[in-house]
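Commentary on secondary and tertiary structure
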Amino acid sequence: MSGGVDSAVAAARAVEAGHDVIGVHLALAANPQKYRSGARGCCTIEDSHDARRAADVIGIPFYIWDMAQEFHDGVVENFLSEYSAGRTPNPCLRCNEKIKFAAVLDRARAMGFDGVVTGHYANTRESENGKTLHRAVDHSKDQSYVLAVLTREQIDGAIFPLGDTEKVDIRKEAEARGLAVAQKPDSHDICFVPSGDNASWLHDRLGSEVGPIVDQDGKKIGEHKGAYTYTIGQRKGLGLTVPTADGSPRFVLKIEPVTNTVVVGSREELAISKIWGERAIWCGPDVTSDKKRGFVQIRAHGSALDCTYFFDGSNLIAELDEPLLGLATGQAMVIYDGDRVVGSATICKTE
Amino acid sequence: MNSVYLDHAATTPILADALSAFTSQASKLGNPSSLHTQGRATRKDLEDARESIAKAAGCLSSEIIFTASGTEANNIALKGLFWLGRKNGRNVVVISAIEHHAILDPAKWLVEHEGAELIELPVTAAGVLDLNFLTDLINKRGDEIAVISVMHSNNETGVLQPIAEVVKLAGDIPVHSDAVQSFGKVALNYQELGLFAMTLSAHKIGGPLGIGVLILRRAVEIPALLHGGGQEREIRSGTLNAPAIVAFAAAVSTKSYDATNIAKLRDDFAQRVVAQIPDAFVNGADVERLPGIVNITFPRTESDTLLLLLDSEKVSCSTGSACSAGVHRPSHVLMAMGHDDISAQSSLRFSFGPSNTAAEVDYVLSVLPGVIQRGRAAVAS
């Protein structure tokens, strides 16, 4: 229970469904801030009070579990090392994979509980192949993308009571249930970057080393102030003074951490039609070398792109019907079969 | 089994006599500082209460300063006595390493905001103040010490502290003792101990919340923290809380605390726990302790998990240590006794009171092994 409206309503619904429920707030920062500023950050002391208040109103026991060390080791460190390796990680996926449905679920099971209920917008369904993961009814809030790192065993231990409802109705329901968090703003961005300014947060922790910006031929055309502050597909803020011959804009194509180089090029050079992903996880039946039609999504709230997908024994591969502009390694590729989450992998190569 | 409450060191059920004294006083009109009939009537009840509390604590009634909590009394005493000493060039605050946060934190505040030097007195592995350390300290730096504060008994382990010896060693250095856990449970007499100041609280002995006492030697003037009407010797302002004060006195007079029986129940419990869980051990087992408290370390567990599991079995106890933002931190008391962070987070405090029964002990022992087993699985996971 983060202290937000979604987990509060999820808890209330789980109680109503007849489960024996306890509320758990995760303390993920070693030195939490007292108050939240704006919509950013979470796990402030104020948030934990909001969560406790919701649990009390719902009528369930409430505890705070200190997972600050696990979060730091499993999520924050990984975020930093991925960036310094030139990849663009998604820490929310990592948190679901390593904390919420791993450390928390394991601890809960050891203590005699059967599963973890969260306020994520997603659905699960029973099928002949076991429990499967699906998009939420409210597509604008759908969070199945950040849950696609869950294994079948983790999905078995997960309950998502909000997947059948639109967010706007969740707020109304919270109001009707007398939950004071009904109108609390949603949190955005990365919870451990309270300022919301990822680039300067990374700059403070990874330092910055000036390096070259080069074109596709390797010719130096500018300087950057730390390669990890750029993302693939980025057009603005490159500070390039030498224009292209035809005046067309340049985009970041590649980030090479070993040589501390940022490679730029034209929009056409950014186009990607084939994606390879490593460390594949299947949320349902295994994907095989048989080519199948489906959708691939590469950002939390990105579009589902028509593709053909298969598994070559080591990588999950998606061939896009229409090329895609700008894709960073380190991001997650999630495959959908209709609204069912097939699985995910970490993008390691594009073409 | 209904719920079993083994957290009397946190707060106690209010005694029937205290509750009826509270409600009947609350229905009476009159500010005890008013000069008219109603004011005088309330003042009379309040001063009767002051006298009976003074008698029970072994002090003059003029030495009692009512506060809103034990924490407030501790703050007034520590800060006030420090400021008093500093006028005479004494800048050192001495406390034990196992003080409650209501002493520890004001002491740290004095360091940060008033430039005090803080010296924490170590304790033995059993949790008893190291008197040799104090002797050396006073020999070397006695004329720099503004105040010494050592609790009468520790709230986490129940271990009694050698206050009479501390006072003897201190000579003319003012000694304060936080006696919140001891009052009403073991022999405790302010004058006999020779203390300069002592703290009491009502809700640890079946009285109401919201009322504490600072006993401060008469004619000693220390700076106030709350300024206003000057009700309590100009040291503590605020309309006196007559209902809580008379209820406090009623709780004191009840004498419902049967120390012998409570200690027997507690010892029986501890012995059987240690027999059932072979590597569990009692902290401060071989030294003199309060009758109601036992602190037990369960290796390879995390106490917040055990607390949750016991709570779900309807057993209420405490991790005994401070929470920081709701997050369980290693107990500074157990750390001072030589535990490392991990074992200092594997301990529970069970505190017994007059209402506990042998049947309750049997019940707790019937659920405890399963709880420890699940708690260990959770740590291993």
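Along each chain, residue indices are assigned from 1 in the same order as the chain's sequence is written. Ligands are numbered from 1 and chains lettered from A, in the order in which they are written. Per-residue local features of the predicted model are confined to residues with pLDDT of at least 70, and side-chain atom pairs are confined, for both listing and counting, to 80 or more; whole-chain, interface and lining totals are unaffected and use all residues.

The next point concerns the overall build of chain B. Only DSSP runs of H or I reaching four residues or more are called helices, and only runs of E reaching two or more are called strands; each is numbered from the N terminus. Along the backbone of chain B there are 13 helices and 14 strands. With the radius of gyration taken over C-alpha atoms, the globule rule is written as 2.2 Å times the number of residues to the power 0.38. By the compact-globule yardstick of 21 Å for 381 residues, chain B fits well, its C-alpha radius of gyration being 21 Å. C-alpha extents for chain B along the principal axes are approximately 65 × 55 × 35 Å. In chain B, once contacts between residues fewer than 6 apart in sequence are set aside, the share between residues at least 24 apart is 74%. Residue pairs qualify as contacts under a 7 Å threshold applied to their C-beta atoms, which are placed from the backbone.

Take the pairing of strand β15 (residues 332–337) of chain A next. Residues and elements named next belong to chain A. Exposure in this text rests on C-beta crowding, where 20 or more other C-beta atoms within 10 Å of a residue's own make it buried, 12 or fewer make it exposed, and counts in between make it partly exposed. The C-beta atoms are placed from the backbone. Most of β15 is tucked away: five of the six residues are buried. Bridge analysis of strand β12 (residues 292–297) against β15 gives three bridges, and the strand direction is antiparallel. Bridging across to β15, Q297 finds its partner in V334. For two strands to be treated as a pair, DSSP must find no fewer than two bridges joining them. Bridge analysis of β15 against strand β16 (residues 340–350) gives six bridges, and the strand direction is antiparallel. Counted as the bridge partner of Y336 is V341 from β16. As consecutive antiparallel partners, β15 and β16 are separated by two residues, and within that stretch G338 has a phi angle of approximately 65°, a positive value.

All names here are of chain B. At A219, a position not held by glycine, the phi torsion is positive, near 70°. Among the secondary structure elements, A219 is positioned in the loop between β8 (212–216) and α8 (242–254). With a phi angle near 65°, E234 is a residue other than glycine that sits in the positive phi range. Along the chain, the position of E234 falls in the loop between β8 and α8. The partly exposed category is assigned to E234, around which 14 C-beta atoms lie within 10 Å.

All names here are of chain A. The strand order β8-β7-β10-β9 describes an open sheet built from four strands, whose pairing is mixed. Strand pairing shows two members of the sheet lacking a second neighbour, β8 (220–224) and β9 (251–256), which therefore form its edges. Across the sheet, the axes of successive neighbouring strands diverge by a mean angle of 30°, strand direction being ignored. Relative to strand β10 (residues 261–265), β9 is paired through five bridges, and the arrangement is antiparallel. Bridged to E256 within β10 is T261. Every axis in this analysis is a line fitted to C-alpha atoms, fitted for helices over the stretch in contact. Angles between the N-to-C directions lie between 0 and 180 degrees.

It is worth spelling out the domain arrangement of chain B at this point. All names here are of chain B. An automatic or database domain assignment supplies the residue ranges for each domain. Under the domain assignment, chain B is made up of domain 1 (16–254) and domain 2 (258–380). One C-alpha centre belongs to domain 1, the other to domain 2, and the line joining them spans 28 Å. Counting from both sides, the interface comprises 20 residues of domain 1 and, opposite them, 22 residues of domain 2. Side-chain classes are defined by residue name, with Ala, Val, Leu, Ile, Met, Phe, Trp, Tyr, Cys and Pro counting as nonpolar, Asp, Glu, Lys and Arg as charged, and the others, Gly among them, as polar. A per-class count over the side of domain 1 that touches domain 2 returns ten nonpolar, eight polar and two charged.

This part takes up the domain arrangement of chain A. In many reports, interface size means the accessible area that the parts give up when they come together. According to the domain assignment, chain A consists of domain 1 (5–119 + 161–183) and domain 2 (208–265). Between the C-alpha centres of domain 1 of chain A and domain 2 of chain A the distance comes to 39 Å.

Further remarks concern the confidence of the model for chain B. Scored by pLDDT, chain B has a mean of 96; 98% of the residues are at 70 or more. Both confidence scores are given for the complex: pTM 0.88, ipTM 0.83. Think of pLDDT as the predictor's per-residue confidence, scored from 0 to 100.

Packed helices, taken two at a time, are described by their axes: the angle between them and the distance between them. Residue and element names in this part refer to chain A. Look at helix α3 (residues 68–84) against helix α4 (residues 91–110): their axes get within 9 Å of each other, and the N-to-C directions meet at 160°. In terms of axis orientation, α3 runs roughly antiparallel to α4. Between α3 and α4 lies a crossing whose hand is right-handed. Touching E70, F71, G74, V75, N78 and F79 of α3 are P91, R94, C95, K98, I99 and A103, all from α4. Note on angle classes: values under 35 degrees are labelled roughly parallel, values over 145 roughly antiparallel, values of 65 to 115 roughly perpendicular, and the remainder oblique. Helix crossings fall into two classes, left-handed where the near helix is turned counterclockwise from the far one by less than a right angle and right-handed where it is turned clockwise.

All right, on to the nonpolar core then. Residues and elements named next belong to chain B. The biggest cluster of nonpolar side chains holds 112 residues, and the ones touching the most others in it are V93, I215, I245 and F248. Ranked by residues supplied to this core, first place goes to α8 with ten residues. Mapped onto the domain boundaries, this core takes at least three residues apiece from domain 1 (16–254) and domain 2 (258–380). Setting aside residues no more than four positions away along its own chain, F248 makes contact with A49, I53, A202, G207, P208 and I211. The nonpolar core is taken to be a set of buried Ala, Val, Leu, Ile, Met, Phe, Trp, Tyr and Cys residues joined by way of C-beta atoms within 7 Å.

Attention now moves to the environment of A:L320. Residues and elements named next belong to chain A. Summarising the element assignment, L320 is placed in strand β14 (residues 316–325). Using a count of 19 C-beta atoms within 10 Å as the deciding quantity, one classes L320 as partly exposed. Those residues in contact with L320, other than ones at most four positions away along the chain, are S273, K274, L305 and C307.

Turning next to the sheet that holds strand β10 (residues 293–297) of chain B. Hydrogen bonds between backbone groups are what pair the strands of a sheet, and the pairing can be parallel or antiparallel. All names here are of chain B. Here three strands make up an open sheet; going across it, the order is β9-β10-β14 and the pairing antiparallel. Only two strands of the sheet have a single partner each, and these edge strands are β9 (281–282) and β14 (347–351). With five bridges joining them, β10 and β14 adopt antiparallel strand pairing. In the strand pairing of β14, I296 is matched with L348. Across the sheet, helix α9 (residues 259–276) lies against β9, β10 and β14, angled at about 10° from β10, the strand it touches most.

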